[in-house]
Amino acid sequence: MVARLSAPSSGRLPSPLPSSPSVPLLRPPQGEGRAMQAAAARARRLLASPAASGIQGALSAPHHWCAAGAELVVLPRLDNGFSSSPHQARSFSSHLPRTLLLRTVTSHWQSKKPVRYHMSRAHFATESSDIDHPKESAEELYQKMLKSVEAQTMPPNAWLWSMISSCTSEEDIKLLFQILQKLRVFRLSNLRINANFNDHLCMKVSEACARVGVPDYGLKVLWNHNVYGITPTIGSAHYLLQHAKEHSDTKLVERIMQVLRRNSLPLQPGTADIVFSICYNADRWDLLSKYAARFVQAGVKLRRTAFDIWMEFAAKVGDSQSIWEINSLRGKSVKHYTLTTGFACAKGSLLERKPENAAATIKLLYKHLPDQKKPFVRDELQKLVAEWPIEVIKRQKKDRNAMEEALITDIPKMISSMAKSGLDIPVDMDKLTRQPEAA
């Protein structure tokens, strides 16, 4: 039986073990008294030695440590870790009962001279951190990995990840692709690994190229056959497309889409969202129509955002036929209208000189919209009256005057028809006037 001590919740050290008859102490046989006293003295010397630093840390631990937990730390180390030879270890553990060990440790814990132990951080450090070591540059990491490869040793993956995140210039990206090629060769020749790097790492390489602003290197990530061990993914292309969107670079979009086609990378709805928004912001209706047809041909299920951009652009350029074709595609994948698609259909009716149909479309849209969206109908209607006619007339290459006369006549008819049907939305009609540019 092993006596156990529990640390009191108040944080004070427990009182010494009582010697009253009510708490009997285990006493060794009389013949072994001297041996046990010698063993106890040896235990005290061991506790004071540098090898017992772990035990001293347990003894000086905070009050919430219990003696049972200390016993689990102390006894195995006394049994196995402190003797200078296996013979001494066996002799020590065989002649020293565990109860006496615990009593010796407890008395050492209760001594007036507290045990001070400064815990070394090396016992707990599992990997280097940015706090302990400043972040290395991409060139420094490149040199480390290069030396490792030249020494016929595969460098740690963490170095490559760190280098990708450390790239800040075109020169860094150039070094990154050089080390990727060397690692690819090393994996094939020394490790017999034919597989490419994982997809996540490849996407990070593409992200680094977009972040630094070197899309030419990023396009290398999209080729199926490359010397860098990179697997092309559509996710990698999205990083480059986002870079093109931030810089309104339609030429880069065309290059990316060309590379995607040559390498048979599957297009996704997210790809369409980015491409459509770039074309809309750059005012490239021809480019949007070209890639929209490609997405539809590939069987991509477009999202509401893509249909909103597509239909709004069609109404902006005054192409009523495209509005109805897009709306037919939209109905196959998206059930409900949005404010944008609903008003695009109303504008299509106005372009065809059908103001009553436009009024009916807006009324039906208002009926099925959620309550939180209905207040925005007035804003869209005001834009239709004040902004859209100017925009659509400006884009016409011929018959501008005829279209202007038609819109100035039909838009008031639409507003009047809406009021007669019960949807009376106040709109400022003063801005619906003939524009000098169209004269």
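Residues numbered from 1 in each chain as written. Predicted model: local features only at pLDDT ≥ 70, side-chain atom pairs only at ≥ 80, totals over all residues. Heavy atoms only, no water.

A.B. asks: In this structure, what is going on with the overall build of the protein chain? I would like to understand it.
C.D. replies: Summing up its helical and strand segments, the protein chain has 21 helices and zero strands in all. Every one of the 439 residues in the protein chain was classed for burial, and the buried ones make up 42%. Sequence separation of at least 24 residues holds for 67% of the intrachain contacts in the protein chain that already meet a minimum separation of 6. Carbon together with sulfur atoms contributes 52% to the accessible area of the protein chain, which is approximately 25,300 Å² in total. (Helix = DSSP H or I, 4+ residues; strand = E, 2+ residues; numbered from the N terminus. Buried < 20%, exposed > 50% of the residue type's maximum accessible area, 1.4 Å probe, protein only. Contact = heavy atoms within 4.5 Å. Areas by Shrake-Rupley, 256 points an atom, 1.4 Å probe, with all protein chains shown as cover.)

A.B. asks: Quick question: what am I supposed to make of the environment of Leu 176 here?
C.D. replies: Relative to the helices and strands, Leu 176 resides in helix H8 (residues 170-189). Not counting residues within four places of it along the chain, the set of residues in contact with Leu 176 comprises Leu 160, Met 163, Ile 164, Cys 167 and Val 205.

A.B. asks: Hey, could you run me through the packing of aromatic side chains in this one?
C.D. replies: By the definition in use, this model includes seven aromatic pairs. With 5.9 Å between their ring centres and 85° between their planes, Phe 276 and Phe 295 make a pair best called edge-to-face. Note that Phe 276 is positioned in helix H13 (residues 269-281) and Phe 295 in helix H14 (residues 285-297), a separation of 19 residues in sequence. Both residues of the pair, Phe 276 and Phe 295, count as buried. Ring centres of Phe 307 and Trp 310 lie 6.4 Å apart, and the angle between their planes is 15°; this geometry places the pair in the stacked category. Of the two residues, Phe 307 and Trp 310 are both situated in helix H15 (residues 304-317); the distance of three residues between them amounts to about one turn of the helix. Trp 310 matches Phe 307 in its accessibility class, with the two residues each being buried. Each member of the aromatic cluster is reached from another via a ring pair, and the members are Phe 276, Phe 295, Phe 307 and Trp 310. Lying over the aromatic face of Phe 197, Arg 187 brings its terminal NZ or CZ to 4.5 Å of the ring centre. Lys 220 extends its terminal NZ or CZ atom over the ring of Phe 177, reaching a point 6.0 Å from the ring centre. (Phe/Tyr/Trp six-rings, centres within 6.5 Å; stacked < 30°, edge-to-face > 60°. Lys NZ or Arg CZ within 6 Å of the ring centre and 35° of its normal.)

A.B. asks: How should I be thinking about the side chain of Ser 148 in this particular structure?
C.D. replies: Relative to the assigned elements, Ser 148 resides in helix H6 (residues 138-150). Contacts of Ser 148, omitting those with residues within four sequence positions, involve Thr 153, Met 154, Pro 155 and Trp 159.

A.B. asks: What is the right way to look at H13 in this model?
C.D. replies: The periodicity of an α-helix, 3.6 residues per turn, causes residues three or four places apart in sequence to face the same way. An ideal rise of 1.5 Å per residue puts 18 Å on 13 residues; H13 measures up with 18 Å between its terminal C-alpha atoms. Taken across its 13 residues, H13 has 10 buried, putting it largely inside the fold. Buried residues of H13: Gly 270, Thr 271, Ala 272, Asp 273, Ile 274, Val 275, Phe 276, Ser 277, Ile 278 and Cys 279, and no others. Contacts from the buried residues of H13 go to helix H11 (234-246), helix H12 (250-262), H14 and H15. Where H13 ends, the next residue or the one after it, Asp 283, has phi of about 60°, a positive value. (Expected span 1.5 Å × (residues − 1).)

A.B. asks: Explanation requested: a negative patch on the surface in the structure shown.
C.D. replies: A contiguous patch of negative charge on the surface is contributed by Glu 139, Glu 140, Glu 170 and Glu 171. Listing elements by their share of the negative patch, those giving two or more residues are H6 and H8. With respect to the helices and strands, the residue Glu 140 is situated in helix H6. (Patch = residues over 30% accessible without salt bridge, like charges linked within 9 Å, V, L, I, M, F, W, Y side chains within 5 Å. Salt bridge = Lys/Arg side-chain N within 4 Å of Asp/Glu carboxyl O. Lys, Arg positive; Asp, Glu negative; His and termini not counted. Charge placed at Lys NZ, Arg CZ, Asp CG, Glu CD.)

A.B. asks: Explanation requested: helix H7 (residues 157-166) in the structure shown.
C.D. replies: Taken residue by residue, H7 has Leu 160, Met 163, Ile 164 and Ser 166 as its buried positions. Buried residues of H7 fall within an arc of 170° about the axis and therefore sit on the same side. The inward-facing, buried residues of H7 contact H6, H8 and helix H9 (199-212). (Arc of directions from axis to C-beta.)

A.B. asks: What exactly am I supposed to notice about the pattern of salt bridges here?
C.D. replies: If the charged atoms of two oppositely charged side chains come close together, the side chains can form a pair. The full count for this structure, using the stated rule, is 12 salt bridges. Lys 204 serves as the salt-bridge partner of Glu 207, at 3.1 Å between the closest nitrogen and oxygen. Taken together, the positions of Glu 207 and Lys 204, both in helix H9 and three residues apart, correspond to about one turn of that helix. Linked by salt bridges that have partners in common, Asp 283, Glu 391, Lys 394 and Arg 395 make up one network.

A.B. asks: Please explain the nonpolar core as it appears in this structure.
C.D. replies: Soluble globular proteins tend to bury their nonpolar side chains together. Counting 71 residues, the largest nonpolar core has Phe 276, Phe 295 and Met 414 as its most contacted members. Ranked by the residues each element gives to this core, the list is headed by H15, at nine residues. Ignoring anything within four residues of it in the chain, the contact list for Phe 276 reads Leu 288, Ala 292, Phe 295, Leu 302, Ala 306, Ile 309 and Trp 310. Counting 29 residues, the second-largest nonpolar core is a separate cluster that includes Tyr 142, Cys 209, Val 214 and Val 221. (Core = buried A, V, L, I, M, F, W, Y, C linked by side-chain atoms within 4.5 Å.)

A.B. asks: Just to check I follow, could you spell out the packing of H12 against H14 for this structure?
C.D. replies: Between two packed helices, both the angle of their axes relative to each other and the distance between the axes serve to describe the pair. Direction vectors running N to C along H12 and H14 enclose 20°, while the axes themselves pass 12 Å from each other. Put simply, H12 runs roughly parallel to H14. The hand of the H12/H14 crossing is left-handed. Contacts between H12 and H14 involve Thr 250, Val 253, Glu 254, Met 257, Leu 260 and Arg 261 from the first element and Leu 287, Tyr 291, Arg 294 and Phe 295 from the second. Taken together, the residues of the contact of H12 with H14 sort by class into six nonpolar, one polar and three charged. (Axes fitted to C-alpha atoms, helices over the stretch in contact; angles between N-to-C directions. Parallel < 35°, antiparallel > 145°, perpendicular 65-115°, else oblique. Left-handed = near helix turned anticlockwise from the far one by under 90°. Nonpolar A, V, L, I, M, F, W, Y, C, P; charged D, E, K, R; others polar.)

A.B. asks: Help me understand the packing of H7 against H8 in this model?
C.D. replies: In contact at an axis separation of 9 Å, H7 and H8 are set at 155° when each is read in the N-to-C sense. The angle between the axes of H7 and H8 places the two elements in the roughly antiparallel class. In terms of crossing hand, the pair formed by H7 and H8 is left-handed. Across the interface between the two elements, Leu 160, Met 163, Ile 164 and Ser 166 of H7 pack against Asp 172, Leu 175, Leu 176, Ile 179, Leu 180 and Leu 183 of H8. The residue inventory of the contact of H7 with H8, partitioned by class, reads eight nonpolar, one polar and one charged.

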